[in-house]
Amino acid sequence: MKVIHTSDIHLTDDEKFQHRWDALKEIVEVFKKEEADILVIVGDLFDSIKDSRKTYERLREIFDNLQVVILPGNHDKEAYREGMDLGKNVTVIRNGEEVLDFEEVVFIGLPYEDGLQTPEKVYARLLQASEKRKSNKCNILLFHGELLSKAYDSTNDFYEKGRYMPVSFEILDSLGFNYILAGHFHTRYDVKESENRYFVYPGSPVSISRKEKGRRKINVIEVGEKPRSVELNSFHYIEKEVRLNIDDNENPIDKINRAVQKELVDSNCSLLVNITGYFDGAKFSITEQLLTKHIYTLVETYNIEFQFNAKDIGNIIASNRLLYRIIEKINGKELGEERRYALIKRFVDAFLEIK
């Protein structure tokens, strides 16, 4: 049996987020190409209850003839009323008592619950769920919640602040499930393995906020095999730092143009550009104001956002021989780019502070 696993699509009726619906349609195309058996969506298919009420009938055509299993998440925990028609082969696991028993696989789901905000409470419910495992089949737990780990930043990786059914990997691993297919974690595809048991966060399949950077992925499981990712062509953000160097022989405008053009070969992305470093404006007859004005023309032409954090220190260096010699000496050393930039920044910042 082959399972496609995704989560956190956050469908809405707002037309400016049509790319989320496009991502779901692309997932269905991957499902068909992979000749998969079941599509599992582990939480937050909808962004809100209101969005589900306004748009759920659109899913009937998208899910046509697909076997789909949906687990409610914290955003859509009350979105799936009894009798709601999402498609003839669509099943929603509304409580922890439901077990979906297929020929090779048993799916046991733990939908999101507001009251489970401590690891102890989550563990108690997980223990109940683990008792429904079947020894002669592959047991898969569907879980929408927060994995407590230093590998994750609860502020940035989980889209919103607060505790959402927190539990440690050690607890989950002790339950004896072959696979734990999870949701709630947005930023990236992530797999944890322990003795041929797997925990998978697929990450959101489309960028929901600027926190989700890079091409998005979904998870594919062939029962008995290690999970693997499939990269999508869905909307996503790309973060690009353009660092200007005081010894550059290339005009800062040309350097910025070149960096932007290189990244924009992907038409389904929004570029987040952070311009940092130092440049010699007098050398190229350009000021910070003129450079910023040029960047605004790029914003109007392309799908990009930018932060301008660079400084023109050409005049400062020209009038201060000591700082000039220090920077010249640093540039003459065989240092990596990061180390060179850090040293120059330290000296320039110190000089500007006491100037």
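See above for the structure.
In short, a report on the structure. Since the model is a prediction, treat every value here as computed from it, not as a measurement. Per chain, residue numbering runs from 1 following the sequence as it is written. Reporting of local features is limited, given that this is a predicted model, to residues whose pLDDT is at least 70; pairs of side-chain atoms are given and counted only at 80 or more, and all residues count toward the totals for whole chains, interfaces and linings. Where side-chain values are given, they derive from all heavy atoms of the structure, hydrogens and water being excluded.

Attention now goes to the overall build of the protein chain. Strands here mean DSSP runs of E at least two residues long; helices mean DSSP runs of H or I at least four residues long; both are numbered from the N terminus. Within the protein chain, the regular secondary structure consists of 11 helices and 18 strands. Principal-axis analysis of the C-alpha atoms places the extent of the protein chain at approximately 75 × 40 × 35 Å. Any residue under 20% of the maximum accessible area for its type is buried, any over 50% is exposed, and the rest in between are partly exposed; the area is computed with a 1.4 Å probe on protein chains only. Per-residue burial for the protein chain yields a buried fraction of 51% across its 355 residues. Per-residue accessibility takes into account occlusion by the displayed protein chains alone, with areas from the Shrake-Rupley method and a 1.4 Å probe. Within the structure as shown, the protein chain displays about 17200 Å² of accessible surface, and the carbon and sulfur contribution to it stands at 44%. His residues and chain termini do not enter the charge count, which takes Lys and Arg as positive and Asp and Glu as negative. Note on charges: their place is set at NZ of Lys, CZ of Arg, CG of Asp or CD of Glu. The positive charge centre, built from 52 side chains, and the negative charge centre, built from 61, are 5 Å apart in the protein chain.

Let us now look at the sheet that holds strand β3 (residues 68-71). Read across the open sheet, the six strands follow the order β4-β3-β2-β1-β13-β14; overall the sheet is mixed. Unpaired on one side and paired on the other, β4 (90-92) and β14 (228-231) mark the two borders of the sheet. Adjacent strand axes in the sheet meet at a mean angle of 25° when their direction is disregarded. Two strands are said to pair when DSSP picks up at least two bridges between them. As defined by bridge partners, strand β1 (residues 2-6) adjoins strand β2 (residues 38-42) across four bridges and the pair is classed as parallel. Counterpart to His 5 in the pairing with β2 is Val 40. Here helix α1 (residues 18-34) sits on the sheet and contacts β1, β2, β13 (217-222) and β14; the angle it forms with β1, its principal contact strand, is near 165°. Note on method: axes are straight lines fitted to C-alpha atoms, helices fitted across the in-contact stretch only, with angles between N-to-C directions ranging 0 to 180 degrees. Between two residues, a contact is recorded if the distance between any of their heavy atoms is within 4.5 Å.

The next subject is the sheet that holds strand β7 (residues 138-144). Across the sheet, six strands lie side by side as β5-β6-β7-β10-β12-β11; this open sheet has mixed pairing. The strands lining the two open edges of the sheet, one partner per strand, are β5 (99-101) and β11 (190-194). Averaged over all pairs of adjacent strands, the angle between their axes in this sheet comes to 15°, without regard to strand direction. Direction of pairing for strand β10 (residues 179-183) relative to strand β12 (residues 197-201): parallel, over a ladder of three bridges.

What follows is about the nonpolar core. Joining through side-chain atoms within 4.5 Å is the link that ties buried Ala, Val, Leu, Ile, Met, Phe, Trp, Tyr and Cys residues into a set, and such a set is a nonpolar core. Core analysis: the biggest nonpolar cluster contains 31 residues, and Leu 45, Leu 59, Phe 63, Ile 70, Tyr 80 and Leu 86 have the highest contact counts within it. Elements represented by at least two residues in this core include exactly α1, β2, α3 (58-62), β3, β4 and β13. Take this core: its biggest share by element is six residues, from α1. Ignoring any residue separated from it by four or fewer positions in sequence, one finds Leu 45 in contact with Ile 9, His 10, Leu 11, Leu 59, Ile 70, Asp 76 and Tyr 80. Of all hydrophobic cores here, the second largest spans 24 residues; its members include Val 122, Leu 126, Phe 143 and Met 165.

What follows is about the packing of aromatic side chains. Planes of paired rings set the category: under 30 degrees apart is stacked, over 60 is edge-to-face and the rest tilted, where pairs are Phe, Tyr or Trp rings (Trp by its six-membered ring) whose centres lie within 6.5 Å. In this structure the tally under the stated criterion is 10 aromatic pairs. An angle of 85° between the planes, with centres 6.4 Å apart, marks the rings of Phe 169 and Phe 199 as edge-to-face. Of this pair, Phe 169 sits in helix α5 (residues 169-174) while Phe 199 is found in strand β12, placing the two residues 30 residues apart along the sequence. Phe 169 gets classed as buried once you look at its relative accessible area, which sits at 17%. Joined through ring pairs, the aromatic side chains of Phe 169, Phe 185, Phe 199 and Tyr 201 make up one cluster. Throughout this description, the term charge over a ring refers to an Arg CZ or Lys NZ atom that lies within 6 Å of the ring centre and within 35 degrees of the ring normal. Seen from the ring of Phe 17, Arg 20 lies directly overhead, with NZ or CZ sitting 4.1 Å from the centre. Taking the ring centre of Trp 21 as reference, the NZ or CZ of Arg 58 above it sits at 3.8 Å.

Within the secondary structure, Ser 194 sits in strand β11. Overall, the relative accessible area of 15% leaves Ser 194 in the buried class. A polar contact of 2.9 Å, which involves the side chain of Ser 194, links it to the side chain of Asp 173. Each residue touching Ser 194, except ones within four places of it in the same chain, is listed here: Phe 169 and Asp 173. Throughout this description, a polar contact denotes any pair of N or O atoms lying within 3.5 Å of each other; where both atoms belong to protein, one of them has to be capable of donating a hydrogen while the other can accept it, and for residues adjacent in sequence the pair is counted only when both atoms sit in side chains.

Turning our eyes to something else, we now look at the pairing of strand β6 (residues 105-110). Taking burial as the measure, the six residues of β6 include six buried ones, the bulk of the element. With burial as the criterion, each face of β6 is covered, one bearing Val 105, Phe 107 and Gly 109 and the other bearing Val 106, Ile 108 and Leu 110. Both β5 and β6 contribute to a ladder of three bridges, which runs antiparallel. Its bridge partner being in β6, Val 99 is matched across the sheet by Ile 108. Where β5 folds back on β6, the antiparallel hairpin that results is connected by three residues. Looking at chain direction, β6 and β7 are connected through six bridges and run parallel. Residue pairing in the sheet places Leu 110 in a bridge with Phe 143 of β7. Here the term right-handed applies to a crossover when the path leading from its first strand over the helix to its second strand runs clockwise, the strands being oriented away from the viewer. As a crossover connection, the stretch from β6 through helix α4 (residues 119-130) into β7 is right-handed.

Before going further, it helps to examine the environment of Arg 243. Mapped onto the fold, Arg 243 is located in strand β15 (residues 236-244). For Arg 243, a relative accessible area of 9% translates into the label buried. The spatial distance from the C-alpha of Arg 243 to the C-alpha of Pro 111 is 45 Å, given a sequence separation of 132 residues. If we ignore the near neighbours within four places in the chain, the residues touching Arg 243 are Asp 248, Lys 255, Thr 276, Gly 277, Glu 337, Glu 338 and Tyr 341. A polar contact is formed between the side chain of Arg 243 and the side chain of Glu 338, at a distance of 3.4 Å.

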